[in-house]
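So the chains spell out like this:
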Amino acid sequence: MAALVEQDSAKAARILTVAQELVLKRGVKGVTVAEIAEKAHVGKGTVYLYWGTKEDLLVGLFAREFLAVVEGSIDALTADPDAARPHRLCPQLIHNGLERPFVRALQTGDSDLLGVLTQHPRSTELLGTLGPAALMYTVLPVWRQHRLARTDWPLEEQAYALQALMAGFLETTTRAHTLREVSVDAPDKVIAASVTALLGPGEATPDDVRATADEGLRLLREKRELVLASLTGDHDTGQEAGRG
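Sequence positions are assigned chain by chain, starting from 1 and proceeding in written order. It should be noted that, the model being predicted, local features are given only for residues of pLDDT at least 70 and side-chain atom pairs only at 80 or more, the latter also being counted only at that level, while totals for whole chains, interfaces and linings use all residues. To get the side-chain values, all heavy atoms of the structure are used, and hydrogens and water are removed first.

Let's shift gears to the environment of L67. Strands here are runs of E lasting at least two residues and helices are runs of H or I lasting at least four, both read from the DSSP assignment and numbered beginning at the N terminus. Looking at the element boundaries, L67 is found in helix α4 (residues 54–79). Assessed through its relative accessible area of 9%, L67 is described here as buried. With 158 residues separating them in the primary sequence, L67 and E225 have C-alpha atoms 9.7 Å apart. Burial status follows relative accessibility: with a 1.4 Å probe on protein chains alone, a residue under 20% of its type maximum counts as buried, one over 50% as exposed, and anything between as partly exposed.

This paragraph deals with the pattern of salt bridges. Salt bridge, as applied in this entry: a Lys or Arg side-chain nitrogen positioned within 4 Å of an Asp or Glu carboxyl oxygen. Overall, the coordinates contain eleven salt bridges when judged by the stated rule. For R88, the salt bridge goes to D80, with nearest N and O atoms at 2.8 Å. In this structure R88 comes out as partly exposed when scored by relative accessible area, which is 36%. In this structure, D208 and R147 form a salt bridge, with 2.9 Å as the shortest nitrogen-oxygen distance. Linking D208 in helix α12 (residues 206–243) with R147 in the loop between α9 (132–145) and α10 (155–174), this pair joins segments that are 61 residues apart in sequence. By relative accessible area, D208 is classed as buried at 13%.

With 65 residues, the main nonpolar core has I15, L57, L58, F62, W143 and L162 as its most contacted residues. Per-element tally for this core: the top contributor is α4, with twelve residues. Whether two residues touch is decided by their heavy atoms; if any such pair falls within 4.5 Å, the residues are in contact. If we ignore the near neighbours within four places in the chain, the residues touching L162 are C90, M136, L140, W143, L198 and L199. Only buried residues count toward a nonpolar core. Its members are Ala, Val, Leu, Ile, Met, Phe, Trp, Tyr and Cys residues joined through side-chain atoms within 4.5 Å.

Shown next, in the form of structure tokens:
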């Protein structure tokens, strides 16, 4: 049984790898399940054994990329609680959006790459659970509680301003024409300084920072489990479809 599970996992991983390559090359609209199956050297029915529809497969592909970001954040916070500080976390969230093509595409609404899946309910749900904006809104109250962010203005207004700041930096880094005549040598330092100017330098003690990291880890693991549960549901649905 273990060998069979391992073999199935290898097939699923191969299908996902091929699907990613094809989507990044031609976009969602130019990819079919038949082509994915052919290039992955499996039958078309095998793909449907794992995923009930093409949309399930592709949204599952996006979800796995978001999960990789979350796993990276968990590893970073575990290794260094100081990574939970706003001026360090915010630049990292922007890098996550730049380095992961599907994370970036969903954040920016790239319909050329993702087609109608930019507005797919599960894509929207994914962004609402694991997107950088969602993580930002989740962690801001924790920063406020542990004296890593100022508390002298309403949370909603502060969250709005912080997200607008982050979105602006993401737009600037993904679209070179946004600031044609302005450039800096160390954009990460500018982002960090801007976040500090917005949220304040903070008065956190080492215990506050440790508590922030611990709470951040708890929230990240909680969100990770929600997405993993949805992916497991896809697999179960795909198995039922394959039996039909």
